[in-house]
Amino acid sequence: MNLLNVYDYEQAAAEIMPKTYHEYYAGGVADNLTLYENRVAFDRLKLLPRIFRDVSQVSLETEIMEEKRPSPFLIAPAAMHKLGHPDGELATARAAASFGMPQILSTLSSVSVEEITAVGHPVWFQLYIFRDRGWSAEIVQRAVAAGCEALVVTVDVPVQGLRENLKRINFSVPASLPLPNLTRSGSSQDNKSLLKLVDENFDPGLTWQDINWLRSLTDLPIWVKGILRADDAQQAADAGANGIVVSNHGGRQLDTAVTPIEALPAIKTAVGDQIELILDGGIRRGTDVLKALALGANGVALGRAPLWGLAVNGETGVQHVLQILHDELRNVMAQCGCTAVAELTPDLILNS
Ligand SMILES: Cc1cc2nc3c(=O)[nH]c(=O)nc-3n(C[C@H](O)[C@H](O)[C@H](O)COP(=O)(O)O)c2cc1C
């Protein structure tokens, strides 16, 4: 197959991957309505391109967390990249590093945080807070010691979503698949049932106080991932969070939840420039990125897109997917008359 875009990779990955692993990567929850909407919400937005703007040079340079970045892309945290390729998150890390792109590493990664930070690109650590706060504190300390540049605490899994798809196929993690960020000295972790691990350890009792608790553990910037409401966004800013990931967990948690791209304008209006915003969910095209930035996101994170590249061709596959998205963004920015990310404003979108 001629792999020209992210959808080509998605299809090729579906053909190559074992069915159950593919379902874990691709699937949503319940009736998959939010999973579907994450895509079509982007497609519904119509662009109003500007003409005659001299677009011979287009720069993707972006500032996030007071640092210049080559582009607005980040890798979103996704559990267990080794289900896609034996090199797992290391392949993703090397590909991201070749673009100078930050990678948000999942608590449930199948390569350890220390091996990933050794690659040398910016690594942010995604944290699930466990009932056992001592365990979570150990994980945070490890991430800090490994050199992670930020913590991203995921708040949209107070309880596991209705993963009927995984129950139907009796999804289990292979015993050989490591979850090295969870290993504690003197204990062994049973990885077999991810659903069980989540049910037993994720804490449904989390509140805003936990941001203060995290703050007491580290001076690293703290991002809150999984906000969809303007009032929660304001509360995150008030709680001293450095940024928000506007996200519905890629349609993997609450079915019929609003899509991030629909939620973004109200969140941006509420928080203005008090706090930075990254959007994830459904990004498959350069136009999706352009729309998210135009509506107020400072960056976008990619969940499944790099996973499809990984499954098809390891590091090279991820690198190609990232190249495709960079090229598409540059192309559509030029077509919209924009030479820099700062020129992406809401008037590029009809009725915004
Ligand atoms: C296979 C898979 C595993 C995921 N694991 C995590 C995780 O461990 N932590 C987390 O915060 N989000 C996780 N997510 C959600 C992503 O970070 C992100 O919100 C979502 O994938 C974005 O949507 P997209 O896949 O359409 O780009 C996962 C997503 C996928 C597809």
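Here the structure is a predicted model, which means the values were calculated and not measured.

Reading the values: the criteria
Residues numbered from 1 in each chain as written. Predicted model: local features only at pLDDT ≥ 70, side-chain atom pairs only at ≥ 80, totals over all residues. Helix = DSSP H or I, 4+ residues; strand = E, 2+ residues; numbered from the N terminus. Expected span 1.5 Å × (residues − 1). Contact = placed C-beta atoms within 7 Å. Core = buried A, V, L, I, M, F, W, Y, C linked by C-beta atoms within 7 Å. Buried ≥ 20, exposed ≤ 12 C-beta atoms within 10 Å, placed from the backbone. Pairing = 2+ DSSP bridges. Right-handed = clockwise from strand over helix to strand, strands pointing away.

**Structural notes on helix α6 (residues 133–146)**
With 14 residues, α6 should cover 20 Å at 1.5 Å per step; its first-to-last C-alpha distance of 20 Å lies within 8% of that length. Contacts made by the buried residues of α6 are with α5 (113–117), β5 (123–127), β6 (150–154) and α9 (209–217). The first or second residue beyond α6 is Gly147, which carries a positive phi of 100 degrees.

**Re the nonpolar core**
Core analysis: the biggest nonpolar cluster contains 102 residues, and Phe125, Leu151, Val152, Ile244 and Val246 have the highest contact counts within it. For this core, the leading source of residues is helix α13 (residues 304–335), giving 14 residues.

**Quick word on the environment of Thr218**
The residue Thr218 is located in the loop between α9 and β7 (222–227) in this model. Residue Thr218 is classed as partly exposed on the basis of its 17 C-beta neighbours within 10 Å. Spatially, the C-alpha atom of Thr218 lies 16 Å from that of Trp208, the residues being 10 residues apart in sequence. Once residues within four sequence positions are removed from consideration, Thr218 is found in contact with Val140, Val144 and Leu151.

**Regarding the pairing of strand β10 (residues 299–302)**
Covered by surrounding structure in β10 are Gly299 and Ala301 together with Val300 and Leu302, the residues of both alternating faces. As paired elements, strand β3 (residues 73–75) and β10 share 3 bridges and run parallel to each other. When the bridges of β10 are listed, Leu74 appears paired with Ala301. Following the backbone out of strand β9 (residues 276–280), through helix α12 (residues 286–294) and into the adjacent parallel β10, one traces a crossover that is right-handed.

**Structural notes on the pairing of β9**
Taking burial as the measure, the 5 residues of β9 include 5 buried ones, the bulk of the element. Burial of β9 is two-sided: the residues Glu276, Ile278 and Asp280 facing one way and the residues Leu277 and Leu279 facing the other way are all buried. Note: strand β8 (residues 243–246) against β9, 4 bridges, orientation parallel. Across the sheet, residue Gly243 finds its bridge partner in β9, namely Glu276. Handedness of the β-α-β unit built from β8, helix α11 (residues 260–271) and β9 comes out right-handed. Sheet topology places β9 next to β10; 3 bridges connect them, and they run parallel. The residue of β10 that forms the bridge with Asp280 is Ala301.

**Points about unusual backbone geometry**
Even without being glycine, Met80 reaches a positive phi, approximately 55 degrees. You can see Met80 is positioned in the loop between β3 and α4 (88–97). Taking the C-beta count within 10 Å as the criterion, Met80 has 24 such neighbours and is therefore assigned buried. Here the phi dihedral of Asn170 falls at roughly 55 degrees; this positive angle occurs in a residue that is not glycine. Structurally, Asn170 can be placed in the loop between α7 (164–168) and α8 (194–201).

Any functional reading would require information beyond the geometric quantities listed.
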